[in-house]
Amino acid sequence: MLPIKDILNMASLFVIPAMLMLIPLYGMYKKVPVYEVFVEGAKEGFKIAVMIIPFLVAILFAIGMFRASGAMDELLNFLRPALTAINVPPEVLPMAIARPLTGSGATAILVDIVNEHGTESIITRIAATISGSTETTFYIIAVYFGAIGVKKYRHALVVGLIADIAAIIFAIYIVQWLFS
């Protein structure tokens, strides 16, 4: 019997290629003009990208100021004893904080973690799993909801943050269970 880690590794080799083949095939089966629909979606995506630039600049500036001011380091030092007590590596806290705010900022933090701890460390695996299993909730609300004029986003924010918190908790403990 193969360990779950080996099964997941083998399955992960086929998921994306299978999706890249099955989605267009399904569209063709349903008689959807796949290429034309793809091009139309790309046009809409470009228009949205241009509309969200001001929102993107604002949120990236705020994250940069938070990190540059040293507030992230102070928060990490303050919470280190509590995180250690519940078996959460304090080094992943910046990822857990930044990920709901910005994807690019979280990616920069992930790169820092990889450079400091290596690709095979439990800390890097937890941070990478947090990155892949959470969403940039505040970014989506600020950018996409702002771009289309949505004013009532309270419930979306609450649900998004609950999902992010659950994903962070599960990422920490499942990665520790699988790789420790």
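Whatever comes next refers back to the structure up there.
Keep in mind the model is a prediction, meaning the values are calculated, not measured.

**Q** Honestly, the packing of aromatic side chains in this entry has me stumped. Any pointers?
**A** A ring pair, where both rings are aromatic, is described by two values, the distance of the centres and the angle of the planes. A complete count under the given rule lists one aromatic pair for this structure. Ring geometry for Tyr-26 versus Tyr-29: centroids 6.5 Å apart, planes at 35°, classification tilted. Here Tyr-26 and its partner Tyr-29 are both found in helix H1 (residues 4-29), three residues apart, which amounts to about one turn of the helix. We classify Tyr-26 as exposed; its relative accessible area is 52%. With relative accessibility at 62%, the residue Tyr-29 sits in the exposed group. In this structure, Arg-125 packs its charged tip against the face of Phe-179, placed 4.2 Å from the ring centre.

**Q** Got a minute to help me understand helix H8 (residues 154-179) in this structure?
**A** Along an α-helix, residues three or four apart share an orientation, since each turn contains 3.6 residues. For H8, spanning 26 residues, the distance from its first C-alpha to its last is 37 Å, which sits close to the expected 38 Å at 1.5 Å a residue. For H8, the set of buried residues is Gly-160, Asp-164, Ala-167, Ile-168, Ala-171, Ile-172, Val-175 and Gln-176. Contacts made by the buried residues of H8 are with helix H4 (93-98), helix H6 (122-133) and helix H7 (137-148).

**Q** Please clarify how the nonpolar core should be interpreted in this entry.
**A** One recurring pattern in soluble globular proteins is that nonpolar side chains are buried together. One finds Val-92, Met-95, Ile-126, Ala-127, Ile-130 and Ile-172 to be the most contacted residues of the largest nonpolar core, which totals 20 residues. The set of elements that each furnish at least two residues to this core consists of helix H3 (71-85), H4, helix H5 (103-117), H6 and H8.

**Q** Is there a simple way to explain the pattern of salt bridges in this structure?
**A** In the structure shown here, the tally under the stated rule is one salt bridge. As a salt-bridge pair, Arg-125 and Glu-120 come within 2.2 Å of each other at their nearest N and O atoms. Overall, Glu-120 belongs to the exposed group, its relative accessible area being 58%.

**Q** Looking at this structure, I do not really get a nonpolar patch on the surface. What am I missing?
**A** A cluster of nonpolar residues, Ile-48, Met-51, Tyr-144, Ile-148, Val-150 and Tyr-153, forms a patch on the protein surface that exposes about 520 Å² of accessible area. Those elements that provide at least two residues to the nonpolar patch are helix H2 (34-68) and H7. Tracing the backbone shows Val-150 in the loop between H7 and H8.

**Q** What is the right way to read H2 from this model?
**A** Where H2 bends most, the angle comes to about 50°, and this point is Ile-52, followed within four residues by the proline Pro-54. Here the buried face of H2 lies against H7. Looking at the residues trailing H2, positive phi occurs at Gly-70, about 90°.

Reading the values: rules and limits
Residues numbered from 1 in each chain as written. Predicted model: local features only at pLDDT ≥ 70, side-chain atom pairs only at ≥ 80, totals over all residues. Heavy atoms only, no water. Phe/Tyr/Trp six-rings, centres within 6.5 Å; stacked < 30°, edge-to-face > 60°. Helix = DSSP H or I, 4+ residues; strand = E, 2+ residues; numbered from the N terminus. Buried < 20%, exposed > 50% of the residue type's maximum accessible area, 1.4 Å probe, protein only. Lys NZ or Arg CZ within 6 Å of the ring centre and 35° of its normal. Expected span 1.5 Å × (residues − 1). Contact = heavy atoms within 4.5 Å. Core = buried A, V, L, I, M, F, W, Y, C linked by side-chain atoms within 4.5 Å. Salt bridge = Lys/Arg side-chain N within 4 Å of Asp/Glu carboxyl O. Patch = residues over 30% accessible without salt bridge, like charges linked within 9 Å, V, L, I, M, F, W, Y side chains within 5 Å. Areas by Shrake-Rupley, 256 points an atom, 1.4 Å probe, with all protein chains shown as cover. Bend = angle between axes of the 7 residues up to and from the residue.

In short, geometric facts, not functional conclusions.
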